[in-house]
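Each chain, letter by letter, is given below.
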There are 2 protein chains.
Amino acid sequence: MVKELDKKIEALPDHVGWRLWQASRAWQAEFAAAMRAAGHGWFTEARAGLLGHIARNGMRQSALIERSAISKQAIQQLLDGLEAEGIVERLPDPQDGRGKLVRYTRKGLDALHDGDRVKMEIERRYIGRIGKERFTALMDALRALAAAQAAAMDEDAGAEGEVVESK
Amino acid sequence: MVKELDKKIEALPDHVGWRLWQASRAWQAEFAAAMRAAGHGWFTEARAGLLGHIARNGMRQSALIERSAISKQAIQQLLDGLEAEGIVERLPDPQDGRGKLVRYTRKGLDALHDGDRVKMEIERRYIGRIGKERFTALMDALRALAAAQAAAMDEDAGAEGEVVESK
DNA sequence: TGAGTATCGTCAAGTATCTTGACTATATGG
DNA sequence: CCATATAGTCAAGATACTTGACGATACTCA
């Protein structure tokens, strides 16, 4: 019994990528469970990520595309789903016949509110688990990493990023 | 121009879950790109995660299932793919007619070696980007989080985790 | 010994997320 | 007015999972 447990622990991967993936999945599972408990079963991980980018007062779909790291088609599909759930609605942009404005419905704003609450709860739980100091260090490192990566990507783009269509 | 950039930055979500997800995706993209460059195009993220759990000298599929956070069916599908690629092979377990042993092929071991190299390279890059101290703090926090979460799950299971099938 | 039960792996079907390619409609700038 | 770029959509497919059902083997204990 004990021997098996030992084996299990001893062999877990321990590189950054694995740890990040693990932590990310755990967070998402916790968030999804809490949101389901709050009656928002439609709140999947990708949708949550996208909603985090939509300004409370709405925005153009194209602006959303710029902000998110995924393709316009993927965003469209997510929005389709969210629209079907009644979380957001899409209106034609009066300024540009091609564009559309995405904005929250009443239901969407309520869900957003619950989402924020749940996020704060989870954060509190995390701080309780690993201590405020460690948590702060975690956020600090993650922010630094994101900033550094964004900078690295900008450099690539600025230098000569378009070697893709060779061959 | 500048104004648009400001907008873009100002609106990024900043909670733990989002940061973890971002960081995880960025790591995976970096890893996949490097592995592709090394001629291992089949090395997808889920496969990499699974391979991280397979002992160098092979192991039972059921042991793999215990270690991984995903379902046995998902693991089977991943193994199917890896087997088709010639990375691992599955042999009947002489000790147990139901079981199978999973082990690396020669090609798999080579890929694993490249994978380890790439992981170390990325880690070095990360340390270069955010500093050794921050990186250490990051790993420390992630490990603590994983340990605390595992403990929390064990508690749940020990107490009364089976309220699922009510209603 | 043999019936019930648990474990191991598989098959099948479905969902979520994301990708690429092709296309329409509108805007913009000579 | 025409060429080109941009905004959004449609369709098809890949990947990474999920749940449910199932067959085969092993274990237990009366």
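What counts and how
- Counting restarts for each chain, with residues numbered from 1 along the sequence as it is written.
- Each chain gets a letter, beginning with A, and each ligand a number, beginning with 1, in the order they are written.
- Only residues with pLDDT of at least 70 are given local features in this predicted model, and only at 80 or more are side-chain atom pairs given and counted; all residues enter the totals for whole chains, interfaces and linings.
- As a rule here, side-chain values come from all non-hydrogen atoms in the structure, and water together with hydrogens is ignored.
- Here the copies are matched by least squares. The fit uses the C-alpha atoms of residues with pLDDT of at least 70 in both.
- Two residues qualify as a contact provided that any one of their heavy atoms is within 4.5 Å of a heavy atom in the partner residue.
- We call a residue near a molecule or strand when any one of its heavy atoms sits within 4 Å of it.
- Polar contacts, as used here, are pairs of N or O atoms within 3.5 Å; protein pairs need one atom able to donate a hydrogen and one able to accept it. Residues neighboring in sequence count only if both atoms are side-chain atoms.
- Helical segments are the DSSP runs of H or I of at least four residues, strand segments are the runs of E of at least two, and each set is numbered from the N terminus.
- All residues other than Ala, Val, Leu, Ile, Met, Phe, Trp, Tyr, Cys, Pro, Asp, Glu, Lys and Arg, Gly among them, are scored as polar; the first ten of these are nonpolar and the last four charged.
- For every element, the axis is a line fit to its C-alpha atoms; helices are fit only across the contacting stretch, and the angle between N-to-C directions ranges from 0 to 180 degrees.
- Should an angle lie under 35 degrees it is considered roughly parallel, over 145 roughly antiparallel, and from 65 to 115 roughly perpendicular; all remaining angles are considered oblique.
- Put simply, a crossing is left-handed when the front helix is turned counterclockwise from the back one by less than a right angle, and right-handed when it is turned clockwise.
- Burial here depends on accessible area, computed with a 1.4 Å probe over protein chains only, as a share of the maximum for the residue type. Under 20% is buried, over 50% is exposed, and the range in between is partly exposed.

With an unreviewed UniProt entry as reference, chain A is termed MarR family transcriptional regulator, source organism Mesorhizobium kowhaii.

A. Structural detail: the relation of the copies chain A and chain B. After a rotation of 180° and a shift along the axis of 0.1 Å, chain A superposes on chain B with an RMSD of 0.2 Å. Such a combination of rotation and displacement between the chain copies is what one expects of a two-fold axis. Closest to the rotation axis within chain A is the C-alpha of L138(A), separated from it by 2.6 Å. With an isologous cut-off of 70% or more, the 98% of interface residues of chain A that recur at the interface of chain B puts this contact in the isologous class.

B. Broad picture of the protein's contact with DNA strand D. Close contacts around DNA strand D come from 23 residues, with S62(A), K100(A), T44(B), Q73(B) and G97(B) the closest. Close to the protein, within 4 Å, the atoms of DNA strand D are drawn from sugar and phosphate at a rate of 57%. Backbone polar atom of S62(A) to a phosphate oxygen of DNA strand D: 2.6 Å apart, as the coordinates give it. Tallying contributions element by element places helix α5 (residues 72–84) of chain A first for the surface near DNA strand D, with 4 residues. Of the residues assigned to the surface near DNA strand D, the class counts are 3 nonpolar, 11 polar and 9 charged.

C. How the structure looks around the packing of helix α2 (residues 16–37) of chain B against helix α6 (residues 106–130) of chain B. Residue and element names in this part refer to chain B. Their axes nearest at 10 Å, the elements α2 and α6 cross at an angle of 130°. By the angle class used here, α2 and α6 are oblique. Our pair here, α2 against α6, has a crossing hand that is right-handed. In contact with A23, A26, W27, E30, F31, A34 and M35 of α2, α6 contributes A111, D114, G115, V118, K119, I122, R125, Y126 and R129. Grouping the amino acids of the contact of α2 with α6 by side-chain chemistry returns 10 nonpolar, 1 polar and 5 charged.

D. Expanded view of the environment of A48(B). All names here are of chain B. For A48, the position within the fold is in helix α3 (residues 45–51). Its relative accessible area of 16% is what places A48 among the buried residues. Linking A48 and A32, residues 16 residues apart in sequence, is a C-alpha distance of 9.1 Å. In contact with A48, other than residues within four places in its own chain, are F31 and F43.

E. Structural view of the protein's contact with DNA strand C. DNA strand C sits among 25 residues. The nearest are T44(A), Q73(A), G97(A), S62(B) and K100(B). Residue Q77(A) places a side-chain N or O atom 2.9 Å away from a base nitrogen belonging to DNA strand C. Within the contact set of DNA strand C, a phosphate oxygen lies 2.5 Å away from a backbone nitrogen or oxygen of K100(B). Where the surface near DNA strand C is concerned, the elements lending two or more residues are α3 (45–51) and α5 of chain A together with α2, α4 (61–67) and α5 (72–84) of chain B. Within the surface near DNA strand C, the residues separate by chemical class into 5 nonpolar, 11 polar and 9 charged.

F. Here's a closer look at the environment of L50(A). All names here are of chain A. With respect to the secondary-structure elements, L50 resides in helix α3. For L50, a relative accessible area of 2% corresponds to the buried category. For the pair L50 and I65, spaced 15 residues apart in sequence, the C-alpha to C-alpha distance is 9.7 Å. In this structure L50 touches L64, S68, I75, L78, L79 and L82, once residues within four positions along its chain are discounted.

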